[in-house]
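# Coordinate analysis (summary)
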Amino acid sequence: MKIAVAGTGYVGLVTGVCLAEHKHFVTCVDIDDKKVALMKAGISPIYEPGLEELLAKNIERLNFSTEYKEAYKDADVIFIGVGTPEKQDGSANLSYVYGVVEQIAGSIEKDCVVVVKSTVPIGTNDKIEEMIKSRLVHDVNVYVASNPEFLAQGTAVRDTLHASRIVIGVEEPYAGEVLKEVYKDFDAPIVVTNRKSAEMIKYASNDFLALKISFINEIANLCEIIGADIEDVAHGMGYDNRIGNRFLNAGIGYGGSCFPKDTKALHWLANFHDNELKTIKAAIDVNENQKLKLIKKSRKYFDSFKGLNVAVLGLTFKPGTDDLREAPTLVNIPIMLEDGANIKAWDPVGVDNFKKIYHDEITYCNTIEDTIKEADVCFIFTEWDEVKEFDLTKYNRLMRKPIILDGRNCYDLISVKKANLTYDSIGRETVNSLEYSLA
Ligand code: UDX
């Protein structure tokens, strides 16, 4: 089929490349000509494992362009995969989506299905249909379908090619049949619903996972107080397949491009209808507090960061991505800097993006060893493999004071005790081998 994809971010580009892998002819449209030039040369403008290889493999069936009219005019299917960032009040900013919708209406010259992949508030697909139909330049039939994505950064290619499910929200059977044809070679169950239900499946899924994380974080905080161990608790809970063992990792809170934005957007929408979602509000509040958990813990060891050498391991919101959106570091590092810390940071892929925000204020290191050398305290914000596999004895050897505040529970407590570290993690016993002040 001839497919156009609007937007080449995580959603649009991964969708386009995976559709090409399944033998469709795809034109990915973006307004940024530098990005387009990179992609034409087989280079992915985003860091996503496996994406560049798949892009290169399917380059024959892929086209990248800023010429939206050319791409949309005779496409069988047009996917919209542009961003819907959060507005100041928590609602979703739909200006990029509506911009693309206008372009589609002015361009299409044959019948086509417009597929909304961007995460949009419930009811937006109906508005999109109205907008397109009222602005059409040529006399053609247009069908609008909701087809939310469930890909996670770092595993986006696998999550798309082997999706847990493909949700198709349509109002006419014809659009459903076209999308089933698009996805016929994908290895995933297909769920067909009406459009509003499809839109809601996306929000409810993300918000449920965010709630699960905030729930386990609250239980972790209580575990610390009463002397239980969150790792054991989560392990024991996970055997119940009604609960499941995934997304029960306690930590320093969720970040990324979806959970923070989608919890706030659904909460905003529900409030708009005078129907507050109390569980979602709780998930948001718990997460905001959780992001400050390590700073609060650090007060047990020192009153101020003034003059302290602070090592930071991990800058991104999770491993496997260079994305910093809503990363806990963006809340923690300003507090430390403000308080006078000397920060050295390490991240295998996130440094370039972080430098755009903090250029000279932080020293960036290429190795974990250099980062922790002479440090008074080390904060772990992202559970990169390099951090998890790091030789623990080096903390003791290289740091001025081996105090580790671990927001991702990277190490088991027995190894930590053996390495004589002072170690504070989430929902577990504090190990204070060297007896630093626990005021
Ligand atoms: C998420 C959803 O997983 C995906 O289905 C959706 O389409 C987009 O949002 P993503 O944001 O890429 O994907 O990452 P994910 O792996 O879900 O992690 C989100 C955040 O939750 C990260 O900050 C991660 O560290 C945190 N998290 C995740 C936890 O704190 N504990 C967990 O058990 C799992």
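On a predicted model such as this, the values are computed, not experimentally measured, just so you know. (Residues numbered from 1 in each chain as written. Predicted model: local features only at pLDDT ≥ 70, side-chain atom pairs only at ≥ 80, totals over all residues. Heavy atoms only, no water.)

### Description of the overall build of the protein chain
In plain terms, the rule: Secondary structure follows DSSP: runs of H or I at least 4 residues long count as helices, runs of E at least 2 residues long count as strands, and numbering of each begins at the N terminus. With the radius of gyration taken over C-alpha atoms, the globule rule is written as 2.2 Å times the number of residues to the power 0.38. Buried residues are those whose accessible area, probed at 1.4 Å on protein chains only, stays under 20% of the maximum for their type, while exposed residues exceed 50% and partly exposed ones sit between those limits. Residues count as neighbours in contact if any of their non-hydrogen atoms are within 4.5 Å of one another.
Looking only at helices and strands, the protein chain has 19 helices and 15 strands in total. In terms of overall size, the protein chain behaves like a compact globule, its C-alpha atoms giving a radius of gyration of 24 Å where 439 residues would be expected to give roughly 22 Å. Dimensions of the protein chain along its principal axes, counting C-alpha atoms only, are 75 × 45 × 35 Å. Put simply, the protein chain has 439 residues, and 54% of those count as buried. Expressed as a percentage of contacts within the protein chain between residues at least 6 apart in sequence, the contacts between residues at least 24 apart total 71%.

### Some details on the site of the ligand
This is how it is decided: Here a residue is near a molecule or strand as soon as one of its heavy atoms is found within 4 Å of it. By the criterion applied in these results, polar contacts are pairs of N or O atoms within 3.5 Å in which, for protein atoms, one can donate a hydrogen and the other can accept it, and in which residues neighboring in sequence qualify only through two side-chain atoms. For accessible areas, the Shrake-Rupley method is used with a probe of radius 1.4 Å. Any residue's cover is judged against the shown protein chains and nothing else. Basically, the charged four are Asp, Glu, Lys and Arg, the nonpolar ten are Ala, Val, Leu, Ile, Met, Phe, Trp, Tyr, Cys and Pro, and anything else, Gly included, counts as polar.
Around the ligand, 18 residues are found, and the nearest of them are Leu151, Gln153, Asn249, Gly255 and Cys258. The separation between an oxygen atom of the ligand and a polar main-chain atom of phenylalanine 150 is 3.0 Å. Burial of the ligand by the protein amounts to 91% of the accessible area it has alone, namely 660 Å². With three residues, the single largest contributor to the shell around the ligand is helix 9 (residues 195–226). Residue composition of the shell around the ligand, grouped by class: 10 nonpolar, four polar and four charged.

### With respect to unusual backbone geometry
One can expect most non-glycine residues to show negative phi and most peptide bonds to be in trans. Its identity is not glycine, yet lysine 23 carries a phi of approximately 75°, on the positive side. Structurally, lysine 23 can be placed in the loop between helix 1 (10–21) and strand 2 (25–29).

### Structural notes on the state of the cysteines
Cut-off, in case you're wondering: Pairs of cysteine sulfur atoms within 2.5 Å are what we label disulfides.
Enumeration over the complete set of coordinates arrives at zero disulfides. Note on cysteine 410: no disulfide assigned, nearest cysteine sulfur contributed by cysteine 378 at a separation of 9.6 Å.

### Overview of empty space enclosed by the protein
What counts, and what does not: Grid points spaced at 1 Å and placed over the protein atoms alone form the basis of the search, with a cavity being a set where a 1.4 Å probe fits but cannot get out and a pocket an open set showing protein on both sides within 12 Å along at least five of seven lines. Lining residues have an atom within 4 Å of a point. Grid points are joined across faces, edges and corners, and a volume is the space filled by probe spheres set on the points.
Within the structure shown, the criterion is met by one cavity of 30 Å³ or more. Of the voids in this model, the largest cavity is the one considered here, and its volume is about 40 Å³. Val116, Ser118, Thr119, Val120, Ser146, Asn147, Pro148, Glu199 and Lys202 are the residues that line the largest cavity.

### Some points on the domain arrangement of the protein chain
Interfaces are often sized by the amount of accessible area the parts lose when they come together. For the record, the criterion: Start and end points for every domain follow an automatic or database-based domain assignment. Reported buried area values correspond to the accessible surface (1.4 Å probe) lost by two parts on association, with both partners' losses combined. The working definition used for a salt bridge is a side-chain nitrogen of Lys or Arg within 4 Å of a carboxyl oxygen of Asp or Glu.
Taken domain by domain, the protein chain consists of domain 1 (2–193), domain 2 (202–290) and domain 3 (293–432). Between domain 1 and domain 2, the residue contacts involve 16 residues of the former and 12 residues of the latter. Roughly 1,100 Å² is buried in total at the junction of domain 1 and domain 2, and carbon and sulfur atoms are behind 59% of that figure. A per-residue breakdown of the area domain 1 buries against domain 2 is headed by Glu86, Thr119 and Ile122, which together make up 37% of the total. Counting across the domain 1 and domain 2 interface gives two salt bridges. Across the side of domain 1 that touches domain 2, the residue classes break down as seven nonpolar, five polar and four charged.

### Digging into helix 9
Under the convention used in this document: Working rule for helices: expected span equals 1.5 Å times residues minus one.
In a regular helix each residue adds 1.5 Å, so 32 residues correspond to 46 Å; helix 9 covers 47 Å between its end C-alpha atoms and thus fits that length. Downstream of helix 9 by a residue or two, glycine 227 has a phi angle that is positive, lying close to 90°.

### Focus on the pattern of salt bridges
Tallying each qualifying case throughout the model produces 32 salt bridges. Close ionic contact of lysine 133 with glutamate 129 constitutes a salt bridge, the shortest N to O distance being 3.9 Å. A residue pair is termed a helical-turn pair when its members lie 3 or 4 positions apart in one helix, as lysine 133 and glutamate 129 do in helix 6 (residues 124–135) at four residues. The partner of lysine 297 in a salt bridge is glutamate 224, with the nearest N and O atoms 3.1 Å apart. Here the residue lysine 297 occupies a position in helix 13 (residues 293–298), and glutamate 224 occupies one in helix 9, the gap between them amounting to 73 residues. A residue is classified by how much of its surface remains accessible, and lysine 297, at 6% relative accessible area, is buried. For glutamate 224, a relative accessible area of 24% translates into the label partly exposed.

### Topic: the sheet that holds strand 15 (residues 431–432)
Whenever strands of a sheet pair, they do so through backbone hydrogen bonds, lying parallel or antiparallel. What counts here: Two strands are counted as paired when DSSP detects at least two bridges linking them.
On the basis of which strands lie adjacent, the open sheet formed by seven strands has the order 11-10-9-12-13-14-15 and mixed pairing. Since the sheet does not close on itself, it has two edges, and those belong to strand 11 (362–364) and strand 15, each with one partner.

### Topic: a nonpolar patch on the surface
Cut-off, in case you're wondering: The patch calculation keeps residues exceeding 30% relative accessible area without a salt bridge and links them within 9 Å when they carry like charges or within 5 Å when they are nonpolar (Val, Leu, Ile, Met, Phe, Trp, Tyr).
There is a patch of nonpolar side chains on the surface, built from Leu222, Ile225 and Ile226 and spanning about 340 Å² of accessible area. In this fold, isoleucine 225 is placed in helix 9.

### Considering the pairing of strand 9 (residues 309–313)
Among the five residues that make up strand 9, four are buried, leaving the element largely enclosed by the rest of the structure. Note that strand 9 and strand 10 (residues 342–346) share five bridges and pair parallel. In the sheet register, leucine 313 faces strand 10, and the bridge partner there is tryptophan 346. In the sheet, strand 9 pairs with strand 12 (residues 377–380) via four bridges, with the strands oriented parallel. Bridging across to strand 12, valine 310 finds its partner in valine 377.

### A few points about the packing of aromatic side chains
The condition is simple: Aromatic pairs are defined between Phe, Tyr and Trp rings, using the six-membered ring for Trp, whenever the two ring centres lie within 6.5 Å; interplanar angles under 30 degrees are classed as stacked, those over 60 as edge-to-face, and all others as tilted. Should the NZ of a Lys or the CZ of an Arg lie within 6 Å of a ring centre and within 35 degrees of the ring normal, that charge is described as sitting over the ring.
Considering all chains together, one arrives at 13 aromatic pairs under this definition. Plain terms: the ring middles of tyrosine 68 and tyrosine 72 are 6.0 Å apart, the flat faces sit at 40° to each other, and that makes the pair tilted. Of this pair, tyrosine 68 and tyrosine 72 both sit in helix 4 (residues 68–73), four residues apart, which is roughly one turn of the helix. Over the aromatic face of phenylalanine 150 sits the side chain of arginine 165, whose NZ or CZ is 3.6 Å from the ring centroid.

### Comments concerning helix 2 (residues 33–40)
The opening residue of helix 2, the one whose side-chain oxygen lies 2.9 Å from the backbone nitrogen of lysine 34, is aspartate 32. Immediately beyond the C-terminal end of helix 2, within one or two residues, lies glycine 42, with a positive phi of roughly 85°.

### Some details on the side chain of serine 91
One can find serine 91 in the loop between strand 4 (77–80) and helix 5 (95–107). With a relative accessible area of 6%, serine 91 lands in the buried category.

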